[in-house]
Amino acid sequence: MSVSRSLSRAPRLLRYPRRLKVVAMITVLLFAAALVVAALAAWRQDNLTQSLREDTAWVVYKLDRDAIQLFNHLLAATRGPISPSDQDDLNLHFELLYSRITLLQEGEVSLLLDNISMAKALLVQIQQQLDTLDPMFEPHASLPQLPIAELEEELLVLTRLTERFVIAINGYLAKSATEERALLNILYNLLMSLLVGMSFAVLLVIVFLVREMRESASARREQEQLSHQLEITATQAQAANHAKSDFLAMVSHEIRTPLNGVIGMSELLREPSSLAQVEDYARTIHDSANQLLAMINEILDFSKIEAGHLTLETSPTALKPLVDSVISLFEPRAKEKGLQLALDVDPLVPAWVMIDASRLRQILLNLITNAIKFTDHGRVNIRIYSTVKSLLFEVCDTGCGLNEEQQASLFEPFQQADESVARRFGGTGLGLAICKRLSEAMQGRLGVRSTPGQGSTFWCELPLVEASPVTAPLPPEPTQDFTGTSLLLVEDNAVNRKVATGLLSRLGCDVVCAENGQDALDMVQAQQVHLIFMDIQLPDIDGITVTKRLRSQGGWLANVPIVAMTAGGVEDVRQRCLAAGMNDYITKPLSLLSLSNVLSLQLFTASRPDSLSALPLDQEQQELQPLLNHATLESLVMSLGAESVDQLIMLYYQQVSDYSAQLAAYLRNAEFLTTEQAKQVARLAHQLRGESLGVGAERLAAEAKRLEIIASNSASSPQDFTETMNLLRQTASRTHAALEKWRRDDSTEE
């Protein structure tokens, strides 16, 4: 029974007779061959017809050209006495017209002209006109003097006839082309029908073959293939699961470390503590949160790059100030480890280049961070040089170095050179992977040369595009006190609402809150505010729709600044917000500095005095003004943390040095200062003033303001510039010493 059952399940071979399949295949081949032959015959006939028409059109065109040339030649020859050679040339040109007519009256061309009644009639008229002109054109030996007037008149008639002849032929050809296109469309439709029929016939043959192949296929082979596929799928799933587990383990460990600091310190803050302990706990919470935010930003950057959402913002960039600002952030850390941190810029490197400054800064930050992290003694060198087409950066260290196996996997995501690296230094292993992908997105390359025990050299090569220097817009003066400013905060999350309200209250703002979009629409009907912070994701109506409805109401709502607040993660959020009518965009987590900058930008504009009346009246009043505003410095420490403020001050030193050098270059010959140079001096002084106020250097800010006013006044003398510049230098030196003393005193108190 089992045997018969298995036989009944066996595939039946040659279900259809072989003769039927052979006949079907022969039919398809003959049908295809017939189509090919018919197509070739039609194509050949069409080529012949087209060639004949082109030849006819060419002969007619040459007939018209020869008639016109004969007429022009006659006119040119009759400007003076006609020489025998000219008369013979005219006779030859006339004979050429007869040869053209002969071509049109013989062979297949004449058959074509017989189908064009108008052309045939014109050809007869042209022949008659040539017969009329024939006695008038003779060689000089037979006819010493040509009848010029009669020739001109008859040739004019001839050229008109040939012109009409050309028009008639072209009209016929255009009409024929139109008819042929219509016929061709019909043929194409017929051909498509034939192709469909042939395809159906081929399909029948394929069905015959495939059906027999399916019935004759071995069940065992199918099972083996299925088993093999299942093994591959299982291996891929296992590898993906392993990678996911490694990623989750690594990320969870890196998240738990700073999160432990946040939770632990926040629990300690709930217990009774001294003021010094509270400040220490708050600083630890702030540092841990920044560490957590940096790691999340790395993961988001990498996911954005992998998803293809990375956008580059290329602009003219001053290269050395950008690199100097990056290096200044690492000088305290290098000094703490006893490392020498040096920068070497080749003189041939252009001062200004076209590049995405923020992405280049991100690459350099990662490379220098790694170099300092893995170097315990020696030095870290940053070298910049260029070729004709490339800009090259090298970060060389004297650290532990890497072997070839470590170098091969160094730029892969979530990879570190050694398992002990994560335990000693932490990190997600995404920094170098992000740098490599950023450099490739900027049409560049990134790599490493390293020898174990001798250090490493990470290099980045980017395209070199020189740029012209640009004048940066004057930044608005920083504002820290917004007392009396009324704000509407539209935020559905209670924690985010509490954080934003607390920070804005610290800035002196009066804040009213709305938990959803409808509440916001209702509140603006009863209360007017100076600015609205709008969350994008709201439970009832999204923030973009709420903004559009607010703007559509007109009145004060048409102009009130609206600033978007969101956790980010979407590349086009800013464009969507601005398109909806918002004025600016701020990402979470919020900080006092970011909120203060947004409020200053949206609510205030920098005012510049236009006369010397705003100058300090005497030196005694200048001396009474303190060098530093300690309240500003303490506020920065509370907001950013001591380490970040130290880095900010180091960057400020570098900026003051750059501004001083640029101002000195402009004022070296103050008596020959041009109007444009005076504007640059005012711009630099204004920037120095704004940055000085930002770090509490109030007296230096006042001196910078004095120089700005002098540069803005066309009546200022060279002596005014010289005296003010000397005072600015002295104040900068004293400010530097005062900031160093404040840093020492502040660290001692801690």
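What you see is a predicted model, and the numbers here were worked out from it, not measured in a lab.

Q: Would you explain the sheet that holds strand β6 (residues 445-451) in this entry?
A: Consider a sheet: its strands pair through backbone hydrogen bonds, and that pairing is either parallel or antiparallel. Read across the sheet, five strands follow the order β2-β4-β5-β7-β6 without closing on themselves; strand pairing throughout is mixed. Unpaired on one side and paired on the other, β2 (340-345) and β6 mark the two borders of the sheet. Between one strand axis and the next, the sheet turns by 15° as a mean value, whatever way the strands run. Looking at chain direction, β6 and strand β7 (residues 455-463) are connected through seven bridges and run antiparallel. Looking at β7, one finds that serine 450 is bridged to serine 456. Running at roughly 20° to strand β5 (residues 390-397), helix α10 (residues 357-373) makes contact with β4 (379-386), β5, β6 and β7 of the sheet.

Q: How should I be thinking about the nonpolar core in this particular structure?
A: The tendency in soluble globular proteins is for nonpolar side chains to be buried as a group. Ranked by internal contacts, the top residues of the largest apolar core, which has 39 residues, are Leu319, Leu360, Ile363, Ile368, Leu391, Phe393 and Phe458. At the level of secondary structure, the elements contributing two or more residues to this core comprise α9 (319-337), β3 (352-355), α10, β4, β5, α13 (431-441), β6 and β7. Ranked by residue count, the leading element in this core is α10, at eight residues. Ranked by size, the runner-up nonpolar core spans 36 residues in total, among them Leu627, Leu628, Tyr652 and Trp742.

Q: How do you make sense of a nonpolar patch on the surface when you look at a structure like this?
A: A cluster of nonpolar side chains, namely Leu183, Leu184, Ile186, Leu187, Tyr188, Leu190, Leu191, Met192 and Leu195, defines an oily patch on the protein surface of about 820 Å² accessible area. Along the chain, the position of leucine 191 falls in helix α6 (residues 148-216).

Q: Where do I start with the environment of leucine 651 in this structure?
A: Inspection of the secondary structure puts leucine 651 in helix α21 (residues 642-667). Overall, leucine 651 belongs to the partly exposed group, its relative accessible area being 23%. Taking the C-alpha atoms as reference points, leucine 651 and aspartate 324, separated by 327 residues in sequence, lie 8.3 Å from one another. When near neighbours in sequence (up to four residues on either side) are disregarded, leucine 651 contacts Ser325 and Ser328.

Q: Would you explain the pairing of β4 in this entry?
A: Along any regular strand the residues' side chains alternate between the sheet's two faces. Here β2 runs beside β4; their pairing, made up of six bridges, is parallel. Within β4, the position partnered with valine 345 by the bridge is isoleucine 384. Two strands pair when backbone bridges link them, and β4 and β5 are joined in this way by seven bridges, in the antiparallel orientation. If you follow valine 380 over to β5, its bridge partner there is aspartate 397. Turn length for the β4-β5 hairpin, with the two strands adjacent in sequence and antiparallel, is three residues.

Q: Would you mind showing me how to read the packing of aromatic side chains here?
A: Any pair of aromatic rings gets described here by the distance separating the centres and the angle formed by the planes. Throughout the structure, instances matching the rule amount to zero aromatic pairs. Taking the ring centre of tyrosine 385 as reference, the NZ or CZ of arginine 383 above it sits at 4.1 Å.

Q: Would you mind showing me how to read helix α18 (residues 592-603) here?
A: With 12 residues, α18 extends 16 Å between its outermost C-alpha atoms, agreeing within 8% with the 16 Å of an ideal straight helix rising 1.5 Å per residue. Regarding α18, the residues found buried are Leu592, Leu595, Ser596, Val598, Leu599, Ser600 and Gln602.

Q: Where do I start with the environment of asparagine 115 in this structure?
A: Topologically, asparagine 115 is positioned in the loop between α4 (107-114) and α5 (117-133). In this structure, the C-alpha to C-alpha distance between asparagine 115 and tyrosine 172, residues 57 residues apart in sequence, is 9.5 Å.

Q: What's the story with the confidence of the model for the chain in this structure? I'm lost.
A: One rule of thumb: low pLDDT means the predicted coordinates there are not for detailed reading. In this model, the chain carries an average pLDDT of 75, and 77% of its residues clear a pLDDT of 70 or more. Segment residues 419-426: pLDDT under 50, and nine contacts once partners within four positions in sequence are set aside and those in other chains are kept. Ignoring residues within four places in sequence, the model shows residues 472-478, a span with pLDDT below 50, making 20 contacts including any to other chains.

Q: Explain the pattern of salt bridges here, please?
A: Working definition: two side chains of opposite charge can pair if their charged atoms are close together. Across all of its chains, the model carries seven salt bridges by this definition. Measuring nitrogen to oxygen at the nearest pair gives 3.9 Å for the salt bridge that ties arginine 383 to glutamate 394. Of the two residues, arginine 383 sits in strand β4 while glutamate 394 sits in strand β5, which places them 11 residues apart along the sequence. What makes arginine 383 partly exposed here is its relative accessible area of 36%. One salt bridge connects glutamate 394 with arginine 449, and the closest N-O pair in it is separated by 3.2 Å. Here glutamate 394 is found in strand β5, whereas its partner arginine 449 is found in strand β6, with 55 residues between them in sequence. Sharing partners across several salt bridges, the network here consists of Arg383, Glu394 and Arg449.

Q: Is there a simple way to think about the packing of helix α22 (residues 675-694) against helix α23 (residues 698-712) in this case?
A: To describe two helices that pack against each other, one gives the angle between their axes and the distance between the axes. In contact at an axis separation of 8 Å, α22 and α23 are set at 160° when each is read in the N-to-C sense. Regarding the angle of α22 to α23, the classification is roughly antiparallel. In the crossing of α22 with α23, the sense of the turn from one axis to the other is left-handed. Note on element contacts: α23 touches α22 through Leu700, Ala701, Ala704, Lys705, Leu707, Glu708, Ala711 and Ser712, opposite Ala678, Val681, Ala682, Ala685, His686, Leu688, Arg689, Ser692 and Leu693. Residue composition of the contact of α22 with α23, grouped by class: 11 nonpolar, three polar and three charged.

What counts as what
- Residues numbered from 1 in each chain as written.
- Predicted model: local features only at pLDDT ≥ 70, side-chain atom pairs only at ≥ 80, totals over all residues.
- Heavy atoms only, no water.
- Pairing = 2+ DSSP bridges.
- Helix = DSSP H or I, 4+ residues; strand = E, 2+ residues; numbered from the N terminus.
- Axes fitted to C-alpha atoms, helices over the stretch in contact; angles between N-to-C directions.
- Contact = heavy atoms within 4.5 Å.
- Core = buried A, V, L, I, M, F, W, Y, C linked by side-chain atoms within 4.5 Å.
- Buried < 20%, exposed > 50% of the residue type's maximum accessible area, 1.4 Å probe, protein only.
- Patch = residues over 30% accessible without salt bridge, like charges linked within 9 Å, V, L, I, M, F, W, Y side chains within 5 Å.
- Areas by Shrake-Rupley, 256 points an atom, 1.4 Å probe, with all protein chains shown as cover.
- Salt bridge = Lys/Arg side-chain N within 4 Å of Asp/Glu carboxyl O.
- Phe/Tyr/Trp six-rings, centres within 6.5 Å; stacked < 30°, edge-to-face > 60°.
- Lys NZ or Arg CZ within 6 Å of the ring centre and 35° of its normal.
- Expected span 1.5 Å × (residues − 1).
- pLDDT = per-residue confidence, 0-100.
- Parallel < 35°, antiparallel > 145°, perpendicular 65-115°, else oblique.
- Left-handed = near helix turned anticlockwise from the far one by under 90°.
- Nonpolar A, V, L, I, M, F, W, Y, C, P; charged D, E, K, R; others polar.

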